[in-house]
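# A look at the structure
Spelled out from the first residue to the last, the chains are:
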Amino acid sequence: MSIKILNEVRKEKLFLAIVFFISIDSYCQSQTDTTKYIFGWQVSTGIMQQNFSALNKYEYLLNRPQNFSFQYPSPSLFIGNPEKIFISLSLSTAFGSENSGTYNNYNIKSGGSSSFMGGNINCPLKTDFSKKSLQGIYVSLGVRYVSTSIYSKAQGINSLKRDTTFYYENSKAKNVVANAEIMFELFSLGKRPTRLRYPLMIKIGYNLQIQKPTWSGDYSRYSGDESPNINLGGFYFGIGFNFWLKKGVMKSWFKK
């Protein structure tokens with residue numbers, strides 16, 4: 001075999017080797033990219049603290065709303081990589097128990113509820129999705145818009161009276177609060193997932209009220225006390241599940 005032909009064969013082998021290693025490297029990178037989590041959501045419930053003590057002096061409210069309320073199962077949307085950084089958008093509603101009693105010869109029903117809407121930037125302190133116990137710890141900062149409804153509905157005690165139903169209070173307090181939260185992802189249920197990760201989650205957070213709330217609606221207040229100093233912020237605790245989809249999973253589902 002001539003030297004020219006031998007050199008050509010060597011060049012061809014070298015070219016094939018380069019193509020092979022480039023293909024392997026590209027394949028590994030592709031596999032790494034497709035295993036990243038890029039989209040998720042959370043369903044949780046819990047308990048929230050607020051401070052309505054400034055309203056306790058109004059007897060028609062029957063010591064409502066309570067300072068602690070329970071959150072309905074509520075969703076949050078995650079966008080980003082939980083191993084690096086992601087954004088969370090949340091929406092929730094909390095409710096307290098209703099109280100019944102009498103005031104000024106009227107039957108009273110009093111209570112309240114709060115709704116929260118906001119966004120946070122989340123950063124991981126620790127992640128290890130292969131563990132069976134603690135898989136992730138995250139801290140987040142953001143803002144929330146809070147709207148709290150307060151009511152005191154009166155109805156005449158004497159059944160012969162008509163059209164005596166009215167509200168001593170039917171108001172709303174609104175505010176924007178700063179939010180800080182730490183979230184723990186615990187064990188995932190079932191076998192190790194290939195497309196969806198769904199760990200048990202617990203979170204502890206605090207809503208910081210920076211300014212007094214603004215009021216709207218109807219209410220009976222003492223002169224000069226139209227805007228009582230309540231606090232729509234406070235600690236909260238939540239428990240639920242996070243659901244994380246791997247990159248490319250939805251695309252593969254549509255192909256099927």
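This text goes with the structure placed above it.
Note that the structure is predicted; figures quoted are calculated from it, not measured.

## Quick notes on the packing of aromatic side chains
Counted under the stated rule, the structure contains 18 aromatic pairs. Grouped by ring-pair contacts, the aromatic residues Tyr58, Tyr60, Tyr103, Tyr106, Phe166, Tyr168 and Tyr222 constitute a single cluster. Above the ring of tyrosine 219, the side-chain terminus of arginine 221 is found at 4.1 Å from the ring centroid.

## Digging into the nonpolar core
Phe52, Leu55, Leu61, Ile150, Trp215, Ile230 and Leu232 are the most contacted members of the largest nonpolar core, which has 20 residues in total. Sorting the residues of this core by element identifies strand S5 (106-127), strand S6 (136-156) and strand S7 (166-188) as the ones contributing at least two each. Leaving out residues up to four positions away in the same chain, isoleucine 230 has contacts with Asn51, Phe52, Ala54, Leu55, Ala173, Gln209, Pro213 and Trp215. The next biggest cluster of nonpolar side chains, apart from the first, holds eight residues, and it includes Tyr37, Phe78, Met201 and Trp244.

## Digging into the pairing of strand S2 (residues 68-81)
Judged from the ten bridges that link them, strand S1 (residues 37-49) and S2 form a sheet pairing that is antiparallel. Paired with glycine 46 across the strands is glutamine 71, a residue of S2. Connecting S2 to the next strand, strand S3 (residues 85-95), in antiparallel fashion are three residues.

## Some thoughts on unusual backbone geometry
Most of the time, phi is negative for any residue but glycine, and the peptide bond is trans. Residue proline 65 follows arginine 64 across a cis peptide bond; omega there is 0 degrees. Note that proline 65 resides in the loop between S1 and S2. Of note in this structure, asparagine 63 is not a glycine but carries a positive phi near 60 degrees. Residue classification places asparagine 63 among the partly exposed positions, given a relative accessible area of 49%. With phi around 65 degrees, asparagine 105 is a residue other than glycine that occupies positive phi space. For asparagine 105, the location among the structural elements is in the loop between strand S4 (99-103) and S5.

## A look at the side chain of lysine 203
The residue lysine 203 is located in strand S9 (residues 199-209) in this model. For the buried lysine 203, no salt bridge exists, and the shortest N-O distance to an oppositely charged side chain is 4.4 Å, to glutamate 181. Looking at lysine 203, its side chain comes within polar contact range of the side chain of glutamine 42, at 2.9 Å. When residues no more than four places from it in sequence are discounted, the contact partners of lysine 203 are Gln42, Ser44, Glu181, Ile182, Met183, Tyr236, Phe237 and Gly238.

Definitions and cut-offs
- Residues numbered from 1 in each chain as written.
- Predicted model: local features only at pLDDT ≥ 70, side-chain atom pairs only at ≥ 80, totals over all residues.
- Heavy atoms only, no water.
- Phe/Tyr/Trp six-rings, centres within 6.5 Å; stacked < 30°, edge-to-face > 60°.
- Lys NZ or Arg CZ within 6 Å of the ring centre and 35° of its normal.
- Core = buried A, V, L, I, M, F, W, Y, C linked by side-chain atoms within 4.5 Å.
- Buried < 20%, exposed > 50% of the residue type's maximum accessible area, 1.4 Å probe, protein only.
- Helix = DSSP H or I, 4+ residues; strand = E, 2+ residues; numbered from the N terminus.
- Contact = heavy atoms within 4.5 Å.
- Pairing = 2+ DSSP bridges.
- Lys, Arg positive; Asp, Glu negative; His and termini not counted.
- Salt bridge = Lys/Arg side-chain N within 4 Å of Asp/Glu carboxyl O.
- Polar contact = N/O pair within 3.5 Å; in protein donor to acceptor, adjacent residues only side chain to side chain.

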